[in-house]
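So you can see what is in the structure, the chains are spelled out below.
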Amino acid sequence: MDVGRRVVLAAALGGLLAGCSESGKSAAPTTAPPPPAAGRPAPPGGDTPRPTATAPATAGPTRAEIVARYGKQTPTGWGLEVPGSLSRLPGNAKVAALTFDACGGKGGSEYDRALIDFLHERSVPATLFVNSRWIDENPAVLRQLAADPLFEIANHGTRHLPLSVSGRSAYGIPGTKDAGEVYDEVSGNRARLTELLGHPPKFFRSGTAYCDDVAARIVTDLGERFASFHVNADGGATFTPEQVRKAMRDVRPGSVVIGHFNHPRGGTAAGIRLAVPELLEQGYKFVRLSDAPQP
């Protein structure tokens, strides 16, 4: 087990899920897009441009076909990393991918504008995983983010569940019960994002980032790739800024980093502001997941 994974497990057992929790302080959701940061012009067409959704959804297997194909298969792997999942980018170059989740639900539907503004200040791209519950509370913000070429929007599921064909749980959260529910968890939010973006999302991360190997194959069949991570930057938005900075020191060539952009009162934004310049000075380049070579 490498350092990045140990950071994940040490921060987990409750901490990892704080960024996606159903409990905790609930605040009024951000439903209107923030004004652009100082010195940064608004995207053309107004504050809340809607991307032109002209591309049809990519044809794929139906729910019945997925159930027929995978309904009787028994998983052999379960966890944060299963065959076919993405936690490290290929190659040895000093390249890393920042990914941030917005999980939604009670206490998890806010928007960390400070984090996004910092990424703009330093022209640092990122992949943003959004759940249907967060979309419900922040439709205008999502339209603005989707229109921004610095960011890639990815699928964080419909109900924010661990992805399992046998009902396995992670951190006390019951997972999807069978192949049909796996299909529902992926395809429900996929359809929403396809309509918004004009094309299907390329990556999927489940609630808790837990998955079994059969469910990961279903994700692939539906046209996405399961995205795990190598470095847990914010412990589910529970870390202080200095803890975020320390966790980011475990970044290595190819690391996929996970954080959250739905907890503005956490230490994520301030910690990323400390850590990213250090990595840039070391010669690291940041990319969106889709910018990295894919197998």
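Residues numbered from 1 in each chain as written. Predicted model: local features only at pLDDT ≥ 70, side-chain atom pairs only at ≥ 80, totals over all residues. Heavy atoms only, no water.

When the pLDDT values of the protein chain are averaged, the result is 86; 80% of them are 70 or greater. Per-residue pLDDT stays below 50 along residues 3-16; that stretch engages in 34 contacts with residues further than four places along the chain or on separate chains. Here residues 22-57 scores under 50 on pLDDT; set against residues more than four positions off or in separate chains, the count is 67 contacts. (pLDDT = per-residue confidence, 0-100. Contact = heavy atoms within 4.5 Å.)

A word on the packing of aromatic side chains. The description of an aromatic ring pair rests on the distance of the ring centres and on the angle between the ring planes. Within the structure shown, the criterion is met by five aromatic pairs. For the ring pair phenylalanine 204 and phenylalanine 226, a centre distance of 6.2 Å and an interplane angle of 45° mean the geometry is tilted. Taken as a pair, phenylalanine 204 in strand E7 (residues 203-204) and phenylalanine 226 in strand E9 (residues 225-226) lie far apart in primary sequence, 22 residues in all. Three or more aromatic residues joined by ring pairs form one cluster here, namely Trp78, Tyr171 and Tyr210. Looking at arginine 205, its charged tip hangs above the ring of phenylalanine 129, at a distance of 4.3 Å from the centre. (Phe/Tyr/Trp six-rings, centres within 6.5 Å; stacked < 30°, edge-to-face > 60°. Helix = DSSP H or I, 4+ residues; strand = E, 2+ residues; numbered from the N terminus. Lys NZ or Arg CZ within 6 Å of the ring centre and 35° of its normal.)

Turning our eyes to something else, we now look at the packing of helix H8 (residues 241-248) against helix H9 (residues 268-281). Taken N-terminus to C-terminus, the directions of H8 and H9 make an angle of 35°; their axes are 7 Å apart at the nearest point. Here H8 and H9 pass one another in a crossing that is right-handed. On H9, the residues that touch Pro241, Glu242, Val244, Arg245 and Met248 of H8 are Thr268, Ala270, Gly271, Ile272, Leu274, Ala275, Glu278 and Leu279. Looking at the contact of H8 with H9 residue by residue, the class counts come to eight nonpolar, two polar and three charged. (Axes fitted to C-alpha atoms, helices over the stretch in contact; angles between N-to-C directions. Left-handed = near helix turned anticlockwise from the far one by under 90°. Nonpolar A, V, L, I, M, F, W, Y, C, P; charged D, E, K, R; others polar.)

Although it is not a glycine, threonine 208 adopts a positive phi angle of roughly 75°. When you line up the elements, threonine 208 lands in the loop between E7 and strand E8 (211-212).

According to the stated counting rule, one finds 14 salt bridges in the structure shown. The salt bridge involving arginine 273 is made with glutamate 121; its shortest N-O contact spans 3.3 Å. With arginine 273 in helix H9 and glutamate 121 in helix H3 (residues 113-121), the pair connects residues that are 152 residues apart, well separated along the chain. Note on arginine 273: relative accessible area 39%, which makes it partly exposed. Of the charged contacts in the structure, one is a salt bridge between glutamate 278 and arginine 245, with a shortest N-O distance of 2.5 Å. In this pair, glutamate 278 sits in helix H9 while arginine 245 sits in helix H8, placing the two residues 33 residues apart along the sequence. Linked through salt bridges whose partners overlap, the residues forming this network are Glu242, Arg245, Arg249 and Glu278. (Salt bridge = Lys/Arg side-chain N within 4 Å of Asp/Glu carboxyl O. Buried < 20%, exposed > 50% of the residue type's maximum accessible area, 1.4 Å probe, protein only.)

Within helix H5 (residues 139-146), seven of the eight residues are buried, leaving the element largely enclosed by the surrounding structure. The secondary structure elements touched by the buried residues of H5 are H3, strand E3 (126-130), helix H4 (132-137), strand E4 (151-155) and helix H6 (179-197).

This part covers the environment of aspartate 221. Secondary-structure assignment places aspartate 221 in helix H7 (residues 213-221). The class for aspartate 221 is partly exposed, based on a relative accessible area of 27%. With 161 residues separating them along the chain, aspartate 221 and glycine 60 place their C-alpha atoms 7.4 Å apart. For aspartate 221, the residues in contact, after removing those within four places along its chain, are Pro61, Ile66, Arg69 and Tyr70. At 2.5 Å, the side chain of aspartate 221 and the side chain of tyrosine 70 are in polar contact. (Polar contact = N/O pair within 3.5 Å; in protein donor to acceptor, adjacent residues only side chain to side chain.)

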